[in-house]
Every structure is written in C-alpha cells, then in structure tokens.
Amino acid sequence: MSASGDARRLIHSLAALGVRDAVLSPGSRSGPLAVGLLAAERAGVLRLHVRVDEREAAFLALGLAKGSHRLVPVVTTSGTAVANLHPAMLEALHADVPVLAVTADRPARLRGTGANQTTDQREIFPGVPFTDRVDELSGRVQHLNLELDEPLLEPVEWGFEPHGPPDRTMRGEEHGEPHVLDIGPRTVVVAGDDARQPARVLARDARWPLLAEPSSGSRNGEALVTYRQLLVHSPLASRIERVVSLGHATLTRPVARLLARTDVPVVHVGTQATFPVPAGPNVTFVDRVAAGGVDESSWLDEWLADDALATAVVDDLTVGTPYDVARAVNAAVPPGGLLFVGSSSPVRDLDLVARPYPVGGKRLIIANRGLAGIDGVLSSAIGAALGRPSSRAIAYVGDLTFLHGSNGLLIGPGEPRPDLTVVVASDDGGSIFTTLEQGAPDFAASFERVFATPTGADIGTLCRGYGVPHRLVDVAALPAALAEDVPGIRVLEVPVDRTGRRELDARIGASIRAVLDR
Ligand SMILES: Cc1ncc(C[n+]2csc(CCOP(=O)(O)OP(=O)(O)O)c2C)c(N)n1
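Residues numbered from 1 in each chain as written. Predicted model: local features only at pLDDT ≥ 70, side-chain atom pairs only at ≥ 80, totals over all residues. Heavy atoms only, no water.

A word on helix α12 (residues 377-387). Of all 11 residues that make up α12, 11 are buried, and the element is covered over most of its length. Taken together, the buried positions of α12 are Val377, Leu378, Ser379, Ser380, Ala381, Ile382, Gly383, Ala384, Ala385, Leu386 and Gly387. (Buried < 20%, exposed > 50% of the residue type's maximum accessible area, 1.4 Å probe, protein only. Helix = DSSP H or I, 4+ residues; strand = E, 2+ residues; numbered from the N terminus.)

With 6 of its 6 residues buried, strand β16 (residues 393-398) lies for the most part within the structure. With burial as the criterion, each face of β16 is covered, one bearing Ala393, Ala395 and Val397 and the other bearing Ile394, Tyr396 and Gly398. Note that strand β14 (residues 338-341) and β16 share 4 bridges and pair parallel. Counterpart to Val341 in the pairing with β16 is Tyr396. (Pairing = 2+ DSSP bridges.)

Lining the immediate environment of the ligand, one finds 17 residues, of which Ser344, Ser345, Leu400, Thr401 and Ser431 sit closest. The side chain of Ser345 places a nitrogen or oxygen atom 3.1 Å from an oxygen atom of the ligand. If the ligand stood free it would expose 580 Å²; the protein chains cover 75% of that surface. When residues of the shell around the ligand are traced back to their parent elements, those giving at least two are α11 (345-353) and α13 (399-404). Counting residues per element, the shell around the ligand draws most heavily on α13, which supplies 3 residues. (Near = heavy atom within 4 Å. Polar contact = N/O pair within 3.5 Å; in protein donor to acceptor, adjacent residues only side chain to side chain. Areas by Shrake-Rupley, 256 points an atom, 1.4 Å probe, with all protein chains shown as cover.)

A few words on the domain arrangement of the chain. Here the domain parsing of the chain yields domain 1 (3-147), domain 2 (179-308) and domain 3 (319-509). The C-alpha centroid of domain 3 is placed 29 Å from the C-alpha centroid of domain 1. Summing the contributions of domain 1 and of domain 3, the shared interface buries around 1,900 Å²; its carbon and sulfur component is 56%. Together, Arg51, Glu56 and Lys66 form the three largest contributors to the area buried by domain 1 at its contact with domain 3, with a combined 27%. Taken together, the connections running from domain 1 to domain 3 amount to 0 salt bridges. Linking domain 1 to domain 3 there are 10 residue pairs in polar contact (both at pLDDT 80 or more). (Domains from an automatic or database assignment. Buried area = accessible area lost by both parts, 1.4 Å probe. Salt bridge = Lys/Arg side-chain N within 4 Å of Asp/Glu carboxyl O.)

A word on the pairing of strand β10 (residues 242-246). In terms of burial, β10 is largely enclosed, as 5 of its 5 residues are buried. Side chains Arg242, Val244 and Leu246 project from β10 onto one buried face, and the interleaved Val243 and Ser245 project onto a second face that is buried too. Two strands pair when backbone bridges link them, and strand β8 (residues 187-191) and β10 are joined in this way by 5 bridges, in the parallel orientation. Note on β10: the bridge partner recorded for Val188 is Val243. Looking at chain direction, β10 and strand β11 (residues 266-269) are connected through 4 bridges and run parallel. Looking at β11, one finds that Ser245 is bridged to His268. Remark: the β10/helix α8 (residues 253-259)/β11 crossover connection has right-handed handedness. (Right-handed = clockwise from strand over helix to strand, strands pointing away.)

Let's shift gears to the packing of aromatic side chains. For any pair of aromatic rings, the description rests on two quantities: the centre-to-centre distance and the angle between the ring planes. This model, assessed by the stated rule, comprises 5 aromatic pairs. Their ring planes at 15° and their centres at 5.7 Å tell us that Trp158 and Phe160 sit as a pair that is stacked. Here Trp158 matches Phe160 in class, with each residue buried. Their ring planes at 50° and their centres at 6.2 Å tell us that Phe433 and Phe451 sit as a pair that is tilted. Of this pair, Phe433 sits in the loop between β17 (420-426) and α14 (444-452) while Phe451 is found in helix α14, placing the two residues 18 residues apart along the sequence. The exposure class assigned to Phe451 is partly exposed, which follows from its relative accessible area of 27%. Following the ring pairs from residue to residue traces out a cluster consisting of Phe433, Phe447 and Phe451. (Phe/Tyr/Trp six-rings, centres within 6.5 Å; stacked < 30°, edge-to-face > 60°.)

Our focus in this paragraph is the environment of Gly370. With respect to the secondary-structure elements, Gly370 resides in the loop between β15 (364-367) and α12. Classification of Gly370 by relative accessible area gives buried; the value is 8%. Those residues in contact with Gly370 that lie beyond four places of it in its chain are Glu91, His94, Ala95 and His248. (Contact = heavy atoms within 4.5 Å.)

To continue, consider the packing of helix α3 (residues 54-68) against helix α5 (residues 86-95). At a minimum axis distance of 7 Å, the contact between α3 and α5 shows a crossing angle of 25°. Put simply, α3 runs roughly parallel to α5. Two secondary-structure elements touch here, α3 through Arg55, Ala58, Phe59 and Leu62 and α5 through Pro87, Ala88, Glu91 and Ala92. Split into classes, the residues belonging to the contact of α3 with α5 amount to 6 nonpolar, no polar and 2 charged. (Axes fitted to C-alpha atoms, helices over the stretch in contact; angles between N-to-C directions. Parallel < 35°, antiparallel > 145°, perpendicular 65-115°, else oblique. Nonpolar A, V, L, I, M, F, W, Y, C, P; charged D, E, K, R; others polar.)

Below, the discussion takes up α11. Residue pairs spaced three or four apart in an α-helix point in one direction, given the helix's 3.6 residues per turn. Summarising burial for α11: 8 of the 9 residues are buried, a large majority. Every buried residue of α11 is listed here: Ser345, Pro346, Val347, Asp349, Leu350, Asp351, Leu352 and Val353.

A few words on the sheet that holds strand β3 (residues 72-76). With parallel pairing, 6 strands are arranged side by side in an open sheet as β2-β1-β3-β4-β6-β5. Looking at the sheet topology across the chains shown, the edges are occupied by β2 (47-50) and β5 (130-131).

This part is about the sheet that holds β10. Strand order in this open sheet of 5 strands is β9-β8-β10-β11-β12, and the pairing throughout is parallel. With partners counted over all chains shown, the strands left at the sheet margins are β9 (210-212) and β12 (283-286), one partner each. Between one strand and the next, the sheet's axes are offset by a mean angle of 20°, whatever the strand orientation.

Right, let's get into the environment of Gly405. Within the secondary structure, Gly405 sits in the loop between α13 and β17. Distance from Gly405 to Asp375, taken between C-alpha atoms, is 5.5 Å for residues 30 residues apart in sequence. The contacts of Gly405, once residues within four sequence positions are left out, are Glu56, Gly376 and Leu378.

Next up on the list: the side chain of Asp375. Examined against the element boundaries, Asp375 turns out to sit in the loop between β15 and α12. Buried charge Asp375 goes without a salt bridge, the closest partner of opposite sign being Arg55 at 5.2 Å. Those residues in contact with Asp375 that lie beyond four places of it in its chain are Phe59, Pro87 and His404. (Lys, Arg positive; Asp, Glu negative; His and termini not counted.)

Structure below.
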C-alpha cells in the first residue's frame, strides 16, 4: 500500500477507536500522516495539536488522554524525534494511560545503512507493547512504527466523516464479582493515584477511614486530611488490623510502610504493577472489592477525631509558609474544575493541607504519578485542560518543574489553547530535598549545588519569550488572583522560601504527636 494509503487506513482506525484529539510534530517521513491528520481535522473527525518539541508533544498527548479518558496518538518523524517520546511513554505505561506513539520510519531495507535519519526504532520503548501493523491497535498504551516508502505525498481521497460511530474510552466496564470484605478487622482504605470513586464508596459503605492521596480521585467526603501524620503519630496506627488499597500509592513513606507491613492482611485492587512494594504472602490481589457490611464500632470516629486535632495543628503551624500556596490552590478549584499537580513538594503540600471536596462536585485532580517525573508537567496540564471541559483549570508546580518543561509553552499561534492558570511555587530550587535524607545538617555542604540546584532563571522573562502572560503574586493575593477569569494560559509566580521547611515539618510532627498523646 502507498504511504498515503497507510495514513488513510491508520486515521480511519484511530477514529474507530474513539480518537478525538491527535498530536503531531513536524517532519518529512511522517508527511502523509501530517496531511491526513489535517484533513481529518478539517472533516471534523478529530482536533489536531501541533508541537515542535516531541517530548512536549508526547506529554501533551498524555495529558489529553488523562483529561478525556480517550486514546490519544502522538505522531513523529523518524530518528531522534522518536526517542524524545520516551519519558511520556514511560509515564503512560506506568500509569496505564492510553497514549499511542505513531512513529514514521524508513523502509526496512534502509535499516543498518547510513541512510539519513534512520535507526532501529522497533521496540525502542521497552515494556510498551509494540506493533508495526495498523490492524493490531489495542486502544491502550502502545507503539506503532510505520514504515513509509516514497512517494510520501500523493493526492488522496480521504473519505473522512465526522465522528465515526464506534467509541471507546479509557476504561471498560468492570467485570466479575467483587471480593467481599467482611466487617471485623479494624481496616483502613488507602486510595493511591487514580483509585477513583470506588475507594471512597468502599470506605463510606463500610465506615472505614479513607487515606486518599490528592490525585486519587477519592479525596472527598470523609477522607482524612492528615492521614500521613496520623500513620506516624497517632496511636490508632498500631491498631490497624487490615489494609485495603486501590490505585497506585507512591506519594508518602508512611503509606509505603503501611503497605509493606507483613503482619496484617493487605488487599490490593490491582496487580503488583500498582502495588508499591514487593508483595508478600499477606497481600491478596483482586479485581474489585465491596464491603460485606457496616463497621458499627467507633473505629472511623476515632480517626476522624484525631484528624480534626491534627488538622488544627497543621493549620496553626503552616500559616505564612509555602503550605499557604497549596491551601489557596485547593480552595480555588470550583465544582467542575481541574487541577493538575506537579511532583515534588506541590503534591505533598497539597496532601498535607487539602480539605476533601464535597462529593459530587466533579472536580478532577490529577498528576503524573506513574513515575512522578518533574518533566512534561506543563504539557500534561495543558493537555488535560484541553481534553476536559472544566469550569476552571489550574496547574500547580515548583519552579524547577516549570523550567524543566517550559517548552510546553511553545505553542503555535493557530493551535488550540486552554484556559489554564499555572501557579509556580517559586523558591529557586528543589525544596523537596530539604525534607529528605540529603537535607540533614550533615550534608549541608553539598546540598545547594547537587540537590537543591537553584538556577536563578527569570521565569517572567522566559514567559515573555513564549508570549505567555506572567505575574508575580504574593501568596496573600493568590486567592484573589486565582478567582479571576482570564482566557488562555497565564502564569502566576508565587515567591516562597524553602529554608526552614525541614524544621517546620519536624515541628508539625512533634506538635501532632503531643496533641494525640493519650
Ligand atoms: C525528570 C525528573 N528528574 C529528576 C527528578 C528528581 N526530582 C524530584 S523533585 C525534584 C526537584 C523539583 O523542584 P521544584 O519543581 O522546584 O519543586 P520543589 O521541590 O521546590 O517543590 C527533582 C529534581 C524527577 N522526579 N524527575
């Protein structure tokens, strides 16, 4: 088949798989795909997003897929362009997000020769299912390498019609009988990344404490605010007799330690791929869970009481600190709103202070927790905001995360742009490390150069270069700034101080322990 025929067949297959957005980076070998995608957009089949930088293009596709729950292809030319997709493909693999890398290749006969822009692109993303056949598309994360021979461009009758009938979204129906959990053992429910509502529903039905990460999709209703502090400092933690986990929990060490316990049964909805520690014989993997009754004891009430005490301590000690940024962001997400949270301190700060939202508000709080990279976060957030109609969309990132992915702001004038406010907690470096081993006084001499890595970069000037509005905002003015309705992408840079965070966290822990001492 001709290259244009291959392109035509591929785009028809994509439409049949429910694709509504496609991302493209420019190139010659991928020319027939580019022309075909533009024709598909003009015919109303899909929306096309063009990005020069393939790494950002792939993260844009990832965000679009996370926001829309649909398969999103990202299309590149051959050579190094392909390798630039790797970070986002790994994130898609580990978070099970349906991104399809479509890489144009030279014909096989040129492989192993010195032909221009030619390398072995097959299975270049280990672990990501690979195919070179359009009829083997799965609708899930996958790499399709297409050998395209000359002539690359010919006049084509594309035959596209708006929105072909079959439609597939990210997750199918849940099948099979649930694993019914008896009421009896004192149980806690852990909701890791993308656990979604089943975690909250289980906790609600059984009246069990819900320990929900911000990006779990379950941090609403009666979810605990300070669960990670309670796991360390509340006497309740030692009385846990069973753990049920849903989603992919990676955010905090107390939860990792809880899931690593071998002295209590652990039930995980999923597989080892979403369970953060090697599973021992006490871990059962299941497809679904349901509560076998209601825990009528005071177990949940005791956790809620401790959470209220600990939350008051946190509120008291964190006013006037970087946690104010997280609080303002948390409060600024309206019903129907979207929040994309960056790795590092933003998601952990949010985790410590974020109040659960009322149930039914249809907020989407997401993050790249598959591999928790600081790369591609702006593009992912832009993609999510484009992929999901939202009453307001916010991204919340650290300054290094912003700078790492700033090319996500490299968007051509005619391209779709979301309304998105990017909040940068700007402390010139990685504050997260102050709270980890390397932040201890013993390592102070090496800390700034090899861990914190301040750059001194001027985020405002960078934004101007990209043509993106930027404003320096004091944290006290952040709530009002976030409430503004501004079209397009804008950046609110909030200067914060990263010194003293280690001591602050220690003070919070000690104060909570003192309050809960009984
Ligand atoms: C691609 C990638 N490189 C390196 C890391 C390791 N890392 C984790 S957090 C972090 C610093 C992030 O700094 P910033 O975005 O400013 O956030 P802050 O820690 O100040 O909250 C780094 C380098 C990573 N997670 N991903």
